[in-house]
Amino acid sequence: MKQATYTVLAGLLVLVLTSQVMAPDTIVPDTVTGRKIQIYTFDIQDNIAAPTWRITQEAFEEAIALNADVVILHLNTYGGEVSAADSIRTKLLNAPMPVHVYIDDNAASAGALIAIACDSIYMKPGGKIGAATVVNQTGEQVPDKYQSYMRATMRATAEAHGKDTIISGSDTLYTWHRDPAIVEAMVDPRLYVEGVSDTGQVLTFTASEAIANGYCEGTAGSIEEVIEKLGIEEYELSTYTPTGMDKLIGFLINPVISGVLIMIIIGGIYFELQSPGIGFALGASIVAALLYFAPLYLEGMAENWELILFIVGVILIMVEIFAIPGFGVAGVAGIIAMITGLTLSLVDNVVFEDPEFTGEGLGILLKSLSLVLVSVLLGIIFSLWATRKLLTSTAFGNLSLKSEQLTQDGFIGLETEQHGLIGEVGVAQTVLRPSGRVMIKDKLYDAMSEYGFIEKGEAIRVVRYETGQVYVVKA
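Residues numbered from 1 in each chain as written. Predicted model: local features only at pLDDT ≥ 70, side-chain atom pairs only at ≥ 80, totals over all residues. Heavy atoms only, no water.

Asks: Is there a simple way to think about the packing of aromatic side chains in this case?
Replies: To describe a pair of aromatic rings, you give the distance between the ring centres and the angle between the ring planes. Scanning the model with the defined rule gives three aromatic pairs in all. Their ring planes at 50° and their centres at 5.0 Å tell us that F293 and F310 sit as a pair that is tilted. Of the two residues, F293 is situated in helix α11 (residues 280-298) and F310 in helix α12 (residues 304-322); the sequence distance between them amounts to 17 residues. Residue F310 is classed as buried on the basis of its relative accessible area of 7%. Taken together, the ring pairs connect Y292, F293 and F310 into an aromatic cluster. (Phe/Tyr/Trp six-rings, centres within 6.5 Å; stacked < 30°, edge-to-face > 60°. Helix = DSSP H or I, 4+ residues; strand = E, 2+ residues; numbered from the N terminus. Buried < 20%, exposed > 50% of the residue type's maximum accessible area, 1.4 Å probe, protein only.)

Asks: What is the right way to read the sheet that holds strand β11 (residues 425-428) from this model?
Replies: As a general point, the strands of a sheet are linked pairwise by backbone hydrogen bonds and lie either parallel or antiparallel. Taken in spatial order, the five strands of this closed barrel run β11-β12-β13-β15-β14, and their pairing is mixed. Each adjacent strand pair in this sheet contributes to an overall mean axis angle of 55°, direction not counted. (Pairing = 2+ DSSP bridges. Axes fitted to C-alpha atoms, helices over the stretch in contact; angles between N-to-C directions.)

Asks: Help me understand the side chain of T56 in this model?
Replies: Turning to its location among the elements, T56 is positioned in helix α2 (residues 50-65). Look at T56 and you get buried, because its relative accessible area is 0%. Those residues within four positions of T56 in sequence are excluded, and the remaining contacts are F42, I44, I88 and K91. (Contact = heavy atoms within 4.5 Å.)

Asks: Honestly, the nonpolar core in this entry has me stumped. Any pointers?
Replies: For soluble globular proteins, the rule of thumb is that nonpolar side chains tend to be buried together. In terms of nonpolar packing, the biggest core is built from 55 residues, with F42, I103, I129 and M154 touching the most fellow members. Considering every element that reaches this core, the biggest residue donor is helix α4 (residues 110-116), with six residues. (Core = buried A, V, L, I, M, F, W, Y, C linked by side-chain atoms within 4.5 Å.)

Asks: Can you help me understand the side chain of R89 in this one?
Replies: Take R89: it is sitting in helix α3 (residues 82-93). Each residue touching R89, except ones within four places of it in the same chain, is listed here: L113, A117, T153, A156 and T157.

Asks: In this structure, what is going on with the pairing of strand β13 (residues 443-449)? I would like to understand it.
Replies: As defined by bridge partners, strand β12 (residues 435-440) adjoins β13 across six bridges and the pair is classed as antiparallel. When the sheet's bridge partners are listed, M439 is paired in β13 with L444. In textbook terms, the turn of a hairpin is the stretch between consecutive antiparallel strands, and for β12 and β13 this stretch comprises two residues, one of which, K441, has a positive phi near 55°. Note: β13 against strand β15 (residues 469-474), three bridges, orientation parallel. Within the sheet, the bridge partner assigned to A447 lies in β15 and is V470.

The structure is reproduced here in structure tokens:
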């Protein structure tokens, strides 16, 4: 009995000792059931943005459903939005299984942040990692308060991988697995790391330099070679495959495409307001609005209240134009509501959770607002140009009659009394914006304002009569 007890205790002791010396991320095949190690891979090969964050979430959901033992991220990016990269970084750090990254050529800027969040880093020979300075859309460095946030994020990510404690006599020394000072130098060119980075140069590592400084475990030519270097022999490999809908959403929320859709939305509405009836321009505007908001809504960026805000803005502008004289509170509120709805739909609401709301969050908001304002302006300009082009272009000449009915050819025109109204004064019976009705000599006439709007009750004077239309100005 005692011998059996000693045997069990000895077995437990061996188990404890082996668990202490084994690397925390080591995966051991199940020799009892013969189960192979399940490896799951997914790619990040584009600029970091909201679609990248969604793909990462979907990939980990699928990996967990498949009971994956290891996740390998195949990374090749020049960077992108820090807010999306920070969300991905948090997902990687909190993953229930080891996550390794294979850098295929580039892990720059936000890509470097994602890479150092992984448990181990492997790079393709000739690959690069670093250059994480925060810049604006023109490539210029943003103020230091934004750089400070990025430095702290990079430092915290490096520190999350732990440190070794060394007792030397009466001194306790610590050695970080990944030196936080190095990743700070990837952000701030002013930082000096002895033997690694000179002051005034943003730090970027080649594969060999990353290995020498503890930011790469080795080089590899493929995912299969990474798996071999991880010491995994028997495995099953699964890969995340984006759907056609994923690709379509990624295309539609590209900032350039979003800007074009905003131009069509605003331009279509403005064009329709300049012409009677409901036609092609309004239809194009509605389709563009659906293509603009739908992918942002599916991405979780556009909320219900942002869509409602945009719709309310459109309604207020319509009411102001067709129901309320003048242009006042309703019109201004409608414009503000439309622009606010379009802008906030481009911003992931997670950025507002930061109590300080500085750095990337504020930058994204200002960038989105700039995109919307520029697109709205271009949409109006394009609408004005299109209106003039359609009216003067010979391409549409066959849509109208061009022949003239001359009196010398036997055609007789009816004289109209409006010719004699030039110079007469009267009163606007309705708002002229620009067309409406006026009272002249106790008789109502259809008229059009020569320029600007004329309010109901204002005195008017007839300045000309052309093509069957009376033109008036304020008297």
